[in-house]
Amino acid sequence: MSATKTIKSALISVFSKEGLEPIVRQLHEQNVTFYSTGGTEDFLKNLGIPVVPVEDVTSYPSILGGRVKTLHPKIFGGILNRQDHQGDVQQMEEYNIPQIDLVIVDLYPFEKTVASGASEADIIEKIDIGGISLIRAAAKNFKDTVIVASVEQYAPFLDLITRQNGATSIEDRKLYATRAFHVSSHYDTAIFNYFNTDETVFKTSIANGQILRYGENPHQKGFFFGDFDAMFKKIHGKELSYNNLLDVDAAVNLIAEFKNEEPTFAILKHNNACGLASRPTMEEAYIVALACDPTSAFGGVLIANGRIDVATAKEINKLFCEVVIAPAYETDAITILEEKKNRIILIQNEVALPQRQVRTALNGLLVQDRNNITDNKNDLKTVTNTAPTEQEVEDLIFASKICKNTKSNTIVFAKNKTLVASGTGQTSRVDALKQAIEKANAFGFDLHGAVMASDAFFPFPDCVEIANDAGIKAVIQPGGSIKDELSINYCNENKLAMVFTGTRHFKH
């Protein structure tokens, strides 16, 4: 049989009719015979297009409230028969089975029904049985049958049959079969995850993917799988790179700690904050955040927890930065920021982030719950004779939020709701502390009256000793070391305030 086949018959059974009319009209012009049932049959009839009811082929009506319509040997035989197999050809004739060259399906919207908060009964009814069976059968027999498995494939298929006058090549049919198995596997994964309660079984399927310029380095391929357009509206700039996306992810997680708070601006580089401040206006917050580490800010990712106005945009425009993110912008602010043609400008939408985090490890995956705990005043347990002042408590919480979103081991210094300096990604906590002190000194910050946050407990009193010598007056840490008393005693002897939160915030 020829590898190129002209469509002469089609079975159509779809949930969404949007975009279907041009396809059926094109096929009708090419003298294709249509088979259908239920709502799709009515749709074709209303267009004035002849259609053979599936019931006329099977001699069975739609039964069980529509649960069984197309599940019949005369339908699946028409789809699955091998046209170059003599035995199949004979049986098709013997049982009077019509040949079906094309199957168009759009499945019941199971995921949307779950997301809508529908009842379990409604969700179960949206588990498509006939449609998924039609998809798998037609995709398996791609040598002879072409399958269009979702509404997203309507437009490219219309273009195909228009250009090729209803003919398809083996390459075309195999491509559509591949897309069909993607649709069916994604659908089944969603159903499984709805039912699954066994946390030792992990299945995921992401339908949206894009090819990036490259990965972490130019010699590595890079891809992003997810619905970026749901999270952001990109209004200007070049395509985001792999490293841009990592920094944007870190920025989004960090600024979420300051949602619904006073204007806050953060600057990140290599997934860590190099500047962050909260102030009465966004312009002030940005200027102070930039002063934290103007060297590292060059080429960084900037994010705000509120609207970026013209005054702030003018200040930002003085800096070379890769990405600017905010939930809103003044119109003239966008015009100013667009003056740099490659600068990426994103509007952040309100979208819930996944509650599971996944990363590759060894020959498998590591999966964990998202760290949703943000330290607050109610979590603080003062363990020293000296209690932190009200201002120090505010700064301790501020520093803790940054610490939680910084690579371990980390130490963060803050003062007056400003990131003063941090030590990031060090192999020892003492090294992180010394790095933070060195950075603070390098940029002329006075650490006297500043506070210190640590992502994990102090196993020895050396960190509080070094911090005290640098001018730190209040400390926040999880606590939990068997030698906590050594650090507590030192603080008491030197009138430092220290609070425990009971929550470690490692980030690797």
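Small disclaimer: the values here were computed from a predicted structure and weren't measured.

Quick notes on the rules
- Residues numbered from 1 in each chain as written.
- Predicted model: local features only at pLDDT ≥ 70, side-chain atom pairs only at ≥ 80, totals over all residues.
- Heavy atoms only, no water.
- Helix = DSSP H or I, 4+ residues; strand = E, 2+ residues; numbered from the N terminus.
- Contact = heavy atoms within 4.5 Å.
- Pairing = 2+ DSSP bridges.
- Core = buried A, V, L, I, M, F, W, Y, C linked by side-chain atoms within 4.5 Å.
- Buried < 20%, exposed > 50% of the residue type's maximum accessible area, 1.4 Å probe, protein only.
- Disulfide = S-S within 2.5 Å.
- Axes fitted to C-alpha atoms, helices over the stretch in contact; angles between N-to-C directions.
- Parallel < 35°, antiparallel > 145°, perpendicular 65-115°, else oblique.
- Left-handed = near helix turned anticlockwise from the far one by under 90°.
- Nonpolar A, V, L, I, M, F, W, Y, C, P; charged D, E, K, R; others polar.
- Salt bridge = Lys/Arg side-chain N within 4 Å of Asp/Glu carboxyl O.
- Phe/Tyr/Trp six-rings, centres within 6.5 Å; stacked < 30°, edge-to-face > 60°.

A.B. asks: Can you walk me through the overall build of the chain in this structure?
C.D. replies: In terms of regular secondary structure, the chain is built from 20 helices and 23 strands. Taking the principal axes of its C-alpha atoms as reference, the chain extends roughly 100 × 50 × 40 Å. Across the chain, the fraction of contacts at a sequence separation of at least 24, relative to all contacts at a separation of at least 6, is 56%.

A.B. asks: Quick question: what am I supposed to make of the sheet that holds strand 6 (residues 146-148) here?
C.D. replies: Picture the strands of a sheet paired through backbone hydrogen bonds; they go either parallel or antiparallel. Here we have five strands laid out as an open sheet, ordered 4-3-2-5-6, and parallel in their pairing. In this open sheet, the two edge strands, each paired with only one partner strand, are strand 4 (52-53) and strand 6. In the sheet, strand 5 (residues 102-106) pairs with strand 6 via three bridges, with the strands oriented parallel. Bridge pairing links leucine 102 to valine 146 in strand 6.

A.B. asks: So what exactly am I meant to see when it comes to the nonpolar core here?
C.D. replies: Side chains that are nonpolar tend, in soluble globular proteins, to be buried together. Counting 41 residues, the largest nonpolar core has Phe232, Val248, Leu276, Ile303, Ile325 and Leu346 as its most contacted members. Ranked by size, the runner-up nonpolar core spans 28 residues in total, among them Phe76, Ile127, Ile132 and Ala180.

A.B. asks: What's the story with the state of the cysteines in this structure? I'm lost.
C.D. replies: Formally, a disulfide is one covalent bond, and it connects the sulfur atom of one cysteine to the sulfur atom of another. Enumeration over the complete set of coordinates arrives at zero disulfides. For the unlinked cysteine cysteine 403, the closest cysteine sulfur is that of cysteine 463, found at 11 Å. The exposure class of cysteine 403 is buried, given its relative accessible area of 2%.

A.B. asks: Teacher, can you tell me more about the packing of helix 1 (residues 21-29) against helix 9 (residues 154-163) here?
C.D. replies: Axes are the key here: two packed helices are described by the angle between their axes and the distance separating the axes. Where helix 1 meets helix 9, the closest approach of the two axes is 9 Å, and the angle between their N-to-C directions is 20°. Our classification of the angle between helix 1 and helix 9 gives roughly parallel. Between helix 1 and helix 9 the crossing geometry is left-handed. Where helix 1 abuts helix 9, its residues Pro22, Ile23, Gln26 and Leu27 lie against Tyr154, Phe157, Leu158, Ile161 and Thr162. Along the lines of polarity and charge, the residues of the contact of helix 1 with helix 9 split into seven nonpolar, two polar and no charged.

A.B. asks: Honestly, the sheet that holds strand 14 (residues 321-326) in this entry has me stumped. Any pointers?
C.D. replies: Judged by pairing direction, the sheet is mixed, and its six strands sit side by side in the order 10-15-14-13-11-12 without closing on themselves. The open sheet is flanked by strand 10 (232-236) and strand 12 (272-278), the only strands paired with a single partner. Across the sheet, the mean angle separating the axes of adjacent strands is 20° when strand polarity is ignored. Note: strand 11 (residues 264-269) against strand 13 (residues 300-304), four bridges, orientation antiparallel. Each bridged residue has a counterpart across the sheet, and for isoleucine 267 the counterpart in strand 13 is leucine 302.

A.B. asks: Which parts of the structure should I look at to understand the environment of tyrosine 108?
C.D. replies: Assignment of secondary structure puts tyrosine 108 in the loop between strand 5 and helix 6 (110-115). Taking the relative accessible area as the measure of exposure, tyrosine 108 reaches 27% and is therefore partly exposed. When the C-alpha atoms of tyrosine 108 and tyrosine 187 are compared, they prove to be 9.7 Å apart, with 79 residues separating the residues in sequence. Apart from the residues lying within four places of it in its own chain, the contact partners of tyrosine 108 are Phe15, Lys69, Glu125, Lys126, Ile127, Asp128 and Tyr187.

A.B. asks: Please clarify how the pattern of salt bridges should be interpreted in this entry.
C.D. replies: Proximity of charged atoms lets side chains of opposite charge pair with each other. Summed over all chains, the structure comprises 17 salt bridges. The shortest N-O distance in the salt bridge between glutamate 41 and lysine 45 comes to 2.9 Å. Within this pair, glutamate 41 and its partner lysine 45 are both found in helix 2 (residues 38-46), separated by four residues, close to a single helical turn. Taking relative accessible area as the criterion, glutamate 41 reaches 8% and is therefore assigned buried. For the salt bridge of lysine 238 with glutamate 322, the shortest nitrogen-to-oxygen distance reads 3.2 Å. A residue pair is termed long-range when its members are at least 10 positions apart, and lysine 238 in the loop between strand 10 and helix 12 (242-255) and glutamate 322 in strand 14 qualify at 84 residues. Here lysine 238 falls in the partly exposed class, since its relative accessible area comes to 27%. One salt-bridge network, in which partners are shared between bridges, spans Glu199, Arg356 and Asp369.

A.B. asks: What am I meant to see in the pairing of strand 11 here?
C.D. replies: Consecutive side chains of a regular strand alternate in pointing toward one face of the sheet and then the other. The buried fraction of strand 11 amounts to five of the six residues, a majority that puts the element mostly inside the structure. Two strands pair when backbone bridges link them, and strand 11 and strand 12 are joined in this way by six bridges, in the antiparallel orientation. Note that in strand 12 the partner of threonine 264 across the bridge is serine 278. As consecutive antiparallel partners, strand 11 and strand 12 are separated by two residues, and within that stretch histidine 270 has a phi angle of approximately 50°, a positive value.

A.B. asks: What is the right way to read unusual backbone geometry from this model?
C.D. replies: Negative phi characterises most residues that are not glycine, and trans characterises most peptide bonds. Of note, the amide linkage connecting serine 408 to asparagine 409 takes the cis form, showing an omega dihedral of -15°. Along the chain, the position of asparagine 409 falls in the loop between helix 17 (390-404) and strand 19 (411-414). Of note, the phi angle at asparagine 31 is positive, near 65°, even though the residue is not glycine. Considering the arrangement of structural elements, one finds asparagine 31 in the loop between helix 1 and strand 3 (33-36). Its identity is not glycine, yet asparagine 260 carries a phi of approximately 65°, on the positive side. Structurally, asparagine 260 can be placed in the loop between helix 12 and strand 11. A relative accessible area of 74% places asparagine 260 in the exposed class.

A.B. asks: I would appreciate a short explanation of the packing of aromatic side chains in the present structure.
C.D. replies: Aromatic ring pairs are reported here in terms of the distance separating the ring centres and the angle at which the planes meet. For the structure on display, the rule yields eleven aromatic pairs. Ring centres 6.4 Å apart and planes at 90° place the aromatic pair phenylalanine 224 and phenylalanine 228 in the edge-to-face group. Overall, the relative accessible area of 13% leaves phenylalanine 228 in the buried class. A centroid spacing of 5.0 Å and a plane angle of 35° characterise the contact between phenylalanine 228 and phenylalanine 232, whose relative ring orientation is tilted. With respect to burial, phenylalanine 228 and phenylalanine 232 carry one shared label: buried. Members of the aromatic cluster, connected to one another through ring pairs, are Phe110, Tyr187, Tyr194 and Phe195.

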